[in-house]
Structures are given as structure tokens and as C-alpha cells.
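# Close look at the chain arrangement
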Amino acid sequence: MTQTTDFLAPARLGRLELPHHLVMAPLTRNRAEADGTPADLMVTHYAQRSSAGLIIAEGSTPNAVGQTYPNITALHTDRHQEGWRQVTEAVRAGGGRMFLQLQHGGRVSHPATTGLTPVAPSALPLPETIFTPGGHRPAAVPREMTLDDIRATAADFAAAARRAVDAGFEGVEVHSANGMLLHQFLADNTNRRTDGYGGSVERRVRFAAEVTEAVADAIGADRVGIRVSPANTVNGIREDGTEDLYAALVARLKDLGLAYLHLVRADPEAAWYRRIRADWPGTLIGNPVLTDLTTEAVTLASRAMLAAGADLVALGRPFLANPDLVERLRRGAPLNPVRDRYFMYVGGADGYNDYPALGAVQGQPSSASMVATDAALVA
């Protein structure tokens, strides 16, 4: 892509023409039905944010054992697929484009949620409690995946990708970040295997690469992105030799012709970031670290991300709290603050679909048909 720091200029992602460089990052908000089917609230939520250059929808599990928490979306039944179709049709009607993130939790799961024993690269439990339908519980010890499990899981990702395209998504993002299953294979403290999937960095990146290859074979590499979070310690992850680890993963993937590589908490000053940008030949989506969610801070961070070599900028919380984020940044208008974290992960419209658009803030009809329910919503 042509380098620019103007994040509101038109952009391109493979065969997709994008109206600007701002991507809505995947945000898991636990609003699905109990079986993983997207709920009506989600149709409204994503439709309100159709002005994003690209929406990457929240992590959706490709099989039952991959579910992380209650009310997380899934995509392995006809009902799931039909639910997601309602979402993509609403976003397309608003002029938007969507990818879907495919996420398997691995050890970030619990039998109280799924009825199944979690699986992971090694039988090492999450070192903290996990939220279940009955509240927080001690983590379960996962079952170490067999070679058959590994092959079956890659096939499940591929099948979910085919369903995603059939449901109207432009493509999918393979989630290899934030301590989920693929990241558990990458990290040496969660992967103690002695077979072809553990030990050296080349072996530890193998599963993430094979899943991505399977998905690319299923729907075409130009419809597939992958998300990674180098040096991220969430969910008990520890990576020794981060730079070499991701250099090995990039080396395995760079010739596939993928749609993009998505970096979580991208730090242009980190050696791993500079190495990845130098080695990755395709589109790089950078998710900047935001400590301040003001218009000025988001603007500066987005420009800096592009100046550091990213091709697109992924924003999470700013899009959560501002369905019309792009227009606010275009005008230099104030941003809504994110409401209490409690509202992020509970059901209902509060803190999800009730953030006001500029029209509502200025006393005019809201283009997103929203009503502010709390004066604190206005920045």
C-alpha cells in the first residue's frame, strides 16, 4: 500500500476498496445467545458502526470445545451461520465491509461453560480463575491435544471460514493472539511438547501456520488475515525470544499471499515490531496502544501508526464508544468516553448500543437512531 499518515484517505485491502484507513478491531462483548448465535443486539451494534473502513467482528469459535466464556459467538452450526448473515446484511446495507475473527480458547475455557474438558498444547491450566455461567471458578486442567486433535482443529477452522464466507463476510481473521489456543502453541511456557509442535520456534509456530494454511486453502489466501500479539502476557502467556518467534512465524506465512497481518498493541519502538514490518511483504494492520481516548490522542496515535509503516490502523474502544468515530475524527469533535468496564461484558444494550452519535449530542436526530441514557455518555 502507498504510505501515508492521512488515515482518512481512501485505502485498499487486497480486492477491497476501503473509504479510509481505520479498522474496527474485534471486540468480544458477550452478547450472543447461549448457543453462540449472534443476537439482535449485535445486528444493531455492528450496523451502527458500518462507517468503519473494515469491521473485524469479534472472536467466534469454530467448534464447541473452543468456547471461552458464556455468550461468546460461534460459527459451527447452520443457526450460527444464519445469525451472522443477519449481521453482515445489516452492515452491507450501511455501506460497510466485514471480516470475522475465528478464535479457539484452548485452555481459556471451562467444563461449566462448554460441558467439555478444555484442550491445549500441554496439560497446563490457566493460572487464574475463569468466568463461567456460575461465576468465577478455578481453571480446569486442559487435555493435551493429540495429533488427531490438531488436525481436526485445523479442519474446524477451515470449515468455519467457509461458513463465514457463505454468511456474507469478506474474509476471516485467524486469532493467534491474547493467550488463546494458537498463541498457547507459540509461547514456550504453555507449550511443553516434545513432538513436531513443540521445542524450537520453528516447531512452535507450526500449528498457527497450519491452521492459517488450511483456512487459506478453504476460502483463498486473499480472504484471510492473522492476528498476533507479540510480548503480550495476557492469560498467563510468557514468550522468551519474542523477536525470533515471530520472525519464524512470518517466514512461514509471508509467501501465502494473505490479506493482512494484524499486530495487537503495536509498539513501533519494539525490536519485534521493526523486524516484523521489515520482513512482512503484505498489508500490516497496527493496533496502537491508547492510554487516552480523546480525539487528539486517537488522531495522533493513528497518524503515528501509519508513519511507523502500518498500512491500516485498528481501533477497539474508540469504535465501541463512538459508532460514528470516523465522522467525529473528521470534524475534530469530542469522543464519547467508554462507560464502566462492567457494561463491556454483560448482556443488554447498556454500554453497547446506547452510545450517542453526533446528532444526538448536538440535539439533532441521531443518524444511528440512538438515545443517550446517561449524561456521562457525552465527552
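Residues numbered from 1 in each chain as written. Predicted model: local features only at pLDDT ≥ 70, side-chain atom pairs only at ≥ 80, totals over all residues. Heavy atoms only, no water.

### Topic: the sheet that holds strand β10 (residues 171-176)
Read around the closed barrel, eight strands run β3-β4-β5-β10-β11-β12-β13-β14, paired in parallel fashion. For this sheet, the mean inter-axis angle between neighbouring strands, taken without regard to orientation, is 25 degrees. Bridge count between strand β4 (residues 54-60) and strand β5 (residues 98-102): four bridges; the pairing is parallel. Note that in β5 the partner of Ile56 across the bridge is Phe99. In the packing of helix α1 (residues 40-48) onto the sheet, the strands contacted are β3 (22-24), β4 and β5, and the crossing angle to β4 comes to about 150 degrees. Relative to β5, helix α4 (residues 147-166) is tilted by about 160 degrees, and along the sheet it contacts β5 and β10. (Pairing = 2+ DSSP bridges. Helix = DSSP H or I, 4+ residues; strand = E, 2+ residues; numbered from the N terminus. Axes fitted to C-alpha atoms, helices over the stretch in contact; angles between N-to-C directions. Contact = heavy atoms within 4.5 Å.)

### Describing the packing of α4 against helix α7 (residues 206-219)
Look at α4 against α7: their axes get within 8 Å of each other, and the N-to-C directions meet at 35 degrees. Two packed elements cross with a definite hand, and for α4 against α7 that hand is right-handed. Along its contact with α4, which presents Ile150, Thr153, Ala154, Phe157, Ala158, Ala161, Arg162 and Val165, the element α7 presents Phe207, Val211, Ala214, Val215, Ala218 and Ile219. A per-class count over the contact of α4 with α7 returns twelve nonpolar, one polar and one charged. (Left-handed = near helix turned anticlockwise from the far one by under 90°. Nonpolar A, V, L, I, M, F, W, Y, C, P; charged D, E, K, R; others polar.)

### Some words on the pattern of salt bridges
On inspection of all chains with the given rule, the structure shows 20 salt bridges. Salt-bridge contacts for Asp195 lead to Arg193; the nearest nitrogen and oxygen are separated by 2.8 Å. The partly exposed category is assigned to Asp195, whose relative accessible area is 26%. Residues Arg330 and Glu327 are paired through a salt bridge, measuring 3.6 Å at the closest nitrogen-oxygen approach. (Salt bridge = Lys/Arg side-chain N within 4 Å of Asp/Glu carboxyl O. Buried < 20%, exposed > 50% of the residue type's maximum accessible area, 1.4 Å probe, protein only.)

### Brief notes about the pairing of strand β11 (residues 224-228)
Looking down a regular strand, the side chains alternate between one sheet face and the other. With respect to burial, β11 is a largely interior element, five of its five residues being buried. Neither face of β11 is exposed, since Val224, Ile226 and Val228 on one face and Gly225 and Arg227 on the opposite face are all buried. Pairing of β10 with β11 involves five bridges; the strand directions are parallel. Considered in β11, the bridge of Val172 is made with Val224. Two strands pair when backbone bridges link them, and β11 and strand β12 (residues 260-266) are joined in this way by four bridges, in the parallel orientation. The residue bridging Gly225 from the neighbouring strand is Tyr260, located in β12. With helix α8 (residues 242-253) bridging β11 and its parallel neighbour β12, the resulting β-α-β unit is right-handed. (Right-handed = clockwise from strand over helix to strand, strands pointing away.)

### Considerations on the nonpolar core
Leu22, Tyr46, Trp84, Val215, Leu261, Leu263 and Tyr273 are the most contacted members of the largest nonpolar core, which has 83 residues in total. For this core, the leading source of residues is α7, giving seven residues. The contacts of Leu22, once residues within four sequence positions are left out, are Phe7, Leu8, Ala52, Gly53, Leu54, Ser302, Val313, Leu315, Phe319, Val326 and Leu329. Ala11, Phe99, Tyr260 and Ile285 belong to the second-largest nonpolar core, a separate cluster that totals 14 residues. (Core = buried A, V, L, I, M, F, W, Y, C linked by side-chain atoms within 4.5 Å.)

### Considering empty space enclosed by the protein
Per the counting criterion, the structure on display carries one cavity of 30 Å³ or more. As a volume, the largest cavity reaches approximately 40 Å³. In this structure, the largest cavity is lined by Thr88, Val91, Arg92, Gly96, Arg97, Met98, Gly168 and Glu170. A per-element tally of the lining of the largest cavity places helix α2 (residues 78-93) first, with three residues. Tallied by class, the residues present in the lining of the largest cavity amount to two nonpolar, three polar and three charged. (1 Å grid on protein atoms, 1.4 Å probe; cavity = no way out; pocket = protein on both sides within 12 Å on 5 of 7 lines; lining within 4 Å. Points joined across faces, edges and corners; volume = space filled by probe spheres on them.)

### So, the packing of α8 against helix α9 (residues 271-279)
Contact geometry for α8 and α9: axes closest at 9 Å, N-to-C directions at 20 degrees. The angle between the axes of α8 and α9 places the two elements in the roughly parallel class. Crossing geometry of α8 relative to α9 is assigned as right-handed. Residue-level contacts link Thr242, Glu243, Asp244, Tyr246, Ala247 and Val250 of α8 to Ala271, Trp272, Arg275, Ile276 and Asp279 of α9. Tallied by class, residues from the contact of α8 with α9 come to six nonpolar, one polar and four charged. (Parallel < 35°, antiparallel > 145°, perpendicular 65-115°, else oblique.)

### Looking at unusual backbone geometry
With phi around 65 degrees, Ala231 is a residue other than glycine that occupies positive phi space. For Ala231, the location among the structural elements is in the loop between β11 and α8. What makes Ala231 partly exposed here is its relative accessible area of 46%. Even without being glycine, Asn235 reaches a positive phi, approximately 55 degrees. Its location among the elements puts Asn235 in the loop between β11 and α8. You can call Asn235 buried: its relative accessible area is 10%.

### Observations regarding the pairing of strand β13 (residues 284-288)
In terms of burial, β13 is a largely internal element, five of the five residues being buried. Across the two faces of β13 the burial is the same, with Leu284, Gly286 and Pro288 and Ile285 and Asn287 all buried. With four bridges connecting them, β12 and β13 associate as parallel partners. Residue Ala266 lies in a different strand from β13, and its bridge partner there is Pro288. For β13 and strand β14 (residues 312-315), the ladder comprises two bridges, and the chain directions are parallel. From the neighbouring strand, Ile285 faces β14, where its bridge partner is Leu312. Handedness of the crossover is the feature at issue here: the chain leaves β13, passes through helix α10 (residues 295-307), returns alongside β14, and the resulting connection is right-handed.

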